[in-house]
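Survey of secondary and tertiary structure
As a plain string of letters, each chain reads:
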Amino acid sequence: MIYTIQNEYLQVSAEDIGAQLQSIRTADGTEYLWQGDSQFWSDRALNIFPFVARLKDKTYQMDGQLYQMNIHGFAPKSLFECQKLSESSMQLTLIDNAQTYAQYPRHFAFRITYALDKSLMNITYTVENRDERPMYFGLGGHPGFFVPLSEGKRFEDYRLRFETECQPVRIGFSEDCLLNGSDTACPLKENRLLPLAHSLFDEDAIVLKNAAKAVTLECEGDPRSVTVRYPGMEYLGIWHCPHKAAPYVCIEPWCSLPAEADKITVFEERKDLIRLEAGKVYENRWSIEIRG
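Residues numbered from 1 in each chain as written. Predicted model: local features only at pLDDT ≥ 70, side-chain atom pairs only at ≥ 80, totals over all residues. Heavy atoms only, no water.

1. Brief notes about the overall build of the protein chain
The test is simple: The helix and strand labels rest on DSSP assignments: H or I over at least four residues marks a helix, E over at least two residues marks a strand, and numbering proceeds from the N terminus. Within these notes, the globule rule equals 2.2 Å times the number of residues to the 0.38 power, and the radius of gyration is based on C-alpha atoms. Accessibility here uses a 1.4 Å probe with only protein chains present; expressed as a share of the type maximum, an area under 20% marks a residue as buried, one over 50% as exposed, and anything in between as partly exposed. Throughout, a residue-residue contact means that at least one pair of heavy atoms, one from each residue, lies within 4.5 Å. Residue-level accessible areas treat just the shown protein chains as cover; the underlying method is Shrake-Rupley with a 1.4 Å probe.
Scanning the protein chain for helices and strands turns up 1 helix and 24 strands. For 292 residues, the compact-globule estimate of 2.2 N^0.38 gives 19 Å, and the protein chain sits close to it at 19 Å. Expressed along its principal axes, the backbone C-alpha trace of the protein chain runs to roughly 55 × 45 × 35 Å. Every one of the 292 residues in the protein chain was classed for burial, and the buried ones make up 57%. Taking the contacts inside the protein chain whose residues are at least 6 apart along the sequence as the reference set, 66% of them involve residues at least 24 apart. Carbon and sulfur atoms make up 45% of the accessible area of the protein chain, which totals about 12800 Å².

Take a look at the structure:
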């Protein structure tokens, strides 16, 4: 089922499978959110939980037992229930069930709230630990945006502009997109700008740490832009389908990283995963601002 919220600036839709955004349109009808295409990437804006990206052999250990989980966890394929819906906000919730418990033996509620404030959409992730044991998890966003945003522009006309000067580090990945420990500097033009080119993604995703906490997709001379702010996320993924002239880019705030290439991940040992004690609640808010 599709749910829609709107104000005088934006109209936003999301579906109950994965609570995935389906559309972000401005008042003039311009669509900013990638609409999915099997030639490049069928999804549009995944919500990632309880593990970000890939596990080695799709396997991890928790409570001394081994479990299987696909890329980005089970949230993208799970059915969320819309528990709150108003003109300008919606809240979709995933409660643990037999399918999730088989992969991740914890009782929880994972809520995603989309709320409009003029041309800004706030996205709030809330995790409630309903278990008697601590939870260990990662989460993040995975929205794709059209590039170019306007007719007459090219993909290469656009850039990512970080809010402040920074010297980010690119996380080192193996060929199968697992951590290999070989982190490198990711120089930015003027310490703020990353010009887009399809070849940037020949080695798959670019994942950064120590970057500024906001980034804008923009093109000089184009009034349309997208700004993603992620004050509570430590990492930023930038991606499109490798080795293709894909007409979109994903801007992905993550709170944790993929598995290491040389061993099975033990959740209790990963320092980047969130540890949430029994009965406690975790919240993380990020946002998407549309201009144009």
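Continuing now.
2. Topic: the layout of surface pockets
What counts, and what does not: Using protein atoms alone on a 1 Å grid, points that fit a 1.4 Å probe yet trap it form a cavity, whereas open point sets bounded by protein on both sides within 12 Å along at least five of seven lines form a pocket; residues with an atom within 4 Å of a point count as lining. Grid points are joined across faces, edges and corners, and a volume is the space filled by probe spheres set on the points. For this scheme, ten residues count as nonpolar: Ala, Val, Leu, Ile, Met, Phe, Trp, Tyr, Cys and Pro. Four count as charged, namely Asp, Glu, Lys and Arg, and the remainder, Gly too, count as polar.
Reported here for the largest pocket is a volume of approximately 410 Å³. Lining the largest pocket are 23 residues; nearest its centre among them are Leu46, Arg54, Ile71, His72 and His142. Classifying every residue of the lining of the largest pocket gives 13 nonpolar, 5 polar and 5 charged. Roughly 180 Å³ of internal volume is contained in the second largest pocket.

3. What to know about the environment of proline 134
Positionally, proline 134 belongs in the loop between β10 (120–129) and β11 (135–137). Using a relative accessible area of 19% as the deciding quantity, one classes proline 134 as buried. Leave out the neighbours within four places in its chain, and proline 134 touches Arg106, Asn129, Arg275, Leu276, Glu277 and Ala278.

4. Side note on the side chain of asparagine 122
As for its position among the elements, asparagine 122 is in strand β10. Discounting residues that sit within four places of it in the chain, asparagine 122 has contacts with Thr113, Tyr114, Ala115, Arg285, Trp286 and Ser287.

5. A closer look at the sheet that holds strand β13 (residues 159–162)
Selection criterion: Between any two strands, pairing holds if DSSP finds at least two bridges. To obtain an axis, a line is fitted to C-alpha atoms, over the contacting stretch when the element is a helix, and the angle between two such axes runs from 0 to 180 degrees between their N-to-C directions.
Strand order across the open sheet formed by 9 strands is β7-β8-β9-β10-β24-β19-β18-β13-β16, with antiparallel pairing between neighbours. Of all the strands in the sheet, the pair left with one neighbour each is β7 (81–85) and β16 (193–195). With direction set aside, neighbouring strand axes in the sheet form an average angle of 15°. Pairing of strand β19 (residues 225–229) with strand β24 (residues 281–291), which is carried by 5 bridges, proceeds in the antiparallel orientation.

6. Things to note about empty space enclosed by the protein
Under the counting rule described, the total for this entry stands at 1 cavity of 30 Å³ or more. As a volume, the largest cavity reaches approximately 50 Å³. Lining the largest cavity, in full, are Leu21, Ala45, Leu46, Asn47, Tyr114, Ile123, Tyr125, Gly141, His142, Pro143 and Trp286. For the lining of the largest cavity, the secondary-structure elements that each account for two or more residues are β4 (45–48), β10 and β12 (140–146). Residues belonging to the lining of the largest cavity are distributed by class as follows: 8 nonpolar, 3 polar and no charged.

7. Structural notes on the pattern of salt bridges
Heads up, the condition is: What makes a salt bridge here is a side-chain nitrogen of Lys or Arg within 4 Å of a carboxyl oxygen of Asp or Glu, nothing more.
Tallying each qualifying case throughout the model produces 18 salt bridges. We note a salt bridge from arginine 159 to glutamate 218, for which the minimum N-O separation is 2.8 Å. Of this pair, arginine 159 sits in strand β13 while glutamate 218 sits in strand β18 (residues 214–218), and the two are 59 residues apart along the sequence. Judged by its relative accessible area of 11%, glutamate 218 is buried. Glutamate 260 serves as the salt-bridge partner of lysine 263, at 3.4 Å between the closest nitrogen and oxygen. Given a relative accessible area of 27%, glutamate 260 falls into the partly exposed group. Via salt bridges that share partners, Asp63, Arg106, Asp131 and Arg133 belong to a single interconnected network.

8. Some remarks on the pairing of strand β20 (residues 235–239)
Where a strand is regular, its side chains alternate between the two sheet faces. In terms of burial, β20 is a largely internal element, 5 of the 5 residues being buried. Burial along β20 is two-sided: Tyr235, Gly237 and Trp239 and Leu236 and Ile238, pointing in opposite directions, are all buried. When β20 meets strand β21 (residues 248–254), the two strands line up antiparallel, connected through 5 bridges. Note on β21: the bridge partner recorded for isoleucine 238 is isoleucine 251.

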